[in-house]
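Reading the structure
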Amino acid sequence: MTYCHQVNTFSLEIVYNHIGLFYQYNKRKLREIDRRIHYLTKRLEELRPVDYSPEQEGKIYFGASVTLSDENDENDLLTFRIVGPDEIYHQKHYISIDSPMARACLGKEEGDEVKVKTELSHKTWIIESIEYGNAS
């Protein structure tokens, strides 16, 4: 076997190894995508639109855009919209209805105190405004 033949054989082995790794990686990614599609298909069967009701005006419920101020610093404002857990991804000012902040806010009105307790902190906020509609 000549030197040239050995180099070509070695180069082919490297190429085949890279192709094999590329195939395995993409096969794994495809399985992840398939799992996500399966999950989302199941979720779509369970989801239903939540229509606005005039009775919820002035109170915080699902779909509300809320602005809170820190009890100790009125200039420290926090604005968010309460949405379902599947809607928060890539949305900066959306929080899940399952979050501690959203749960603490549900049913409250403007001017009410909201006490949020998490494992890391306990904080009190004041509700400044509540809006419904296509807010950010």
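Residues numbered from 1 in each chain as written. Predicted model: local features only at pLDDT ≥ 70, side-chain atom pairs only at ≥ 80, totals over all residues. Heavy atoms only, no water.

Per an unreviewed UniProt entry, the chain carries the name Transcription elongation factor GreB and comes from Wohlfahrtiimonas chitiniclastica SH04.

1. A look at the side chain of T124
With respect to the element layout, T124 can be found in strand 5 (residues 122-131). Other than its neighbours up to four places away in sequence, T124 contacts D70, E71, E113, V114 and K115. (Helix = DSSP H or I, 4+ residues; strand = E, 2+ residues; numbered from the N terminus. Contact = heavy atoms within 4.5 Å.)

2. Digging into a nonpolar patch on the surface
Together, L12, V15, Y16 and I19 make up a nonpolar patch on the protein surface, roughly 410 Å² of accessible area in all. Within the element layout of this structure, V15 appears in helix 1 (residues 3-46). Classification of V15 as partly exposed rests on a relative accessible area of 41%. (Patch = residues over 30% accessible without salt bridge, like charges linked within 9 Å, V, L, I, M, F, W, Y side chains within 5 Å. Areas by Shrake-Rupley, 256 points an atom, 1.4 Å probe, with all protein chains shown as cover. Salt bridge = Lys/Arg side-chain N within 4 Å of Asp/Glu carboxyl O. Buried < 20%, exposed > 50% of the residue type's maximum accessible area, 1.4 Å probe, protein only.)

3. Brief notes about the pattern of salt bridges
Taken as a whole and assessed by the stated rule, the structure comprises 8 salt bridges. In this structure, E109 engages K59 in a salt bridge whose closest nitrogen and oxygen atoms are separated by 3.8 Å. Note that E109 is positioned in the loop between helix 2 (100-105) and strand 4 (113-117) and K59 in the loop between helix 1 and strand 1 (65-70), a separation of 50 residues in sequence. Owing to a relative accessible area of 36%, E109 belongs among the partly exposed residues under this scheme. The class of K59 is partly exposed, set by a relative accessible area of 28%. Taken together, the salt bridges that share partners define one network made up of R43, E46 and D86.

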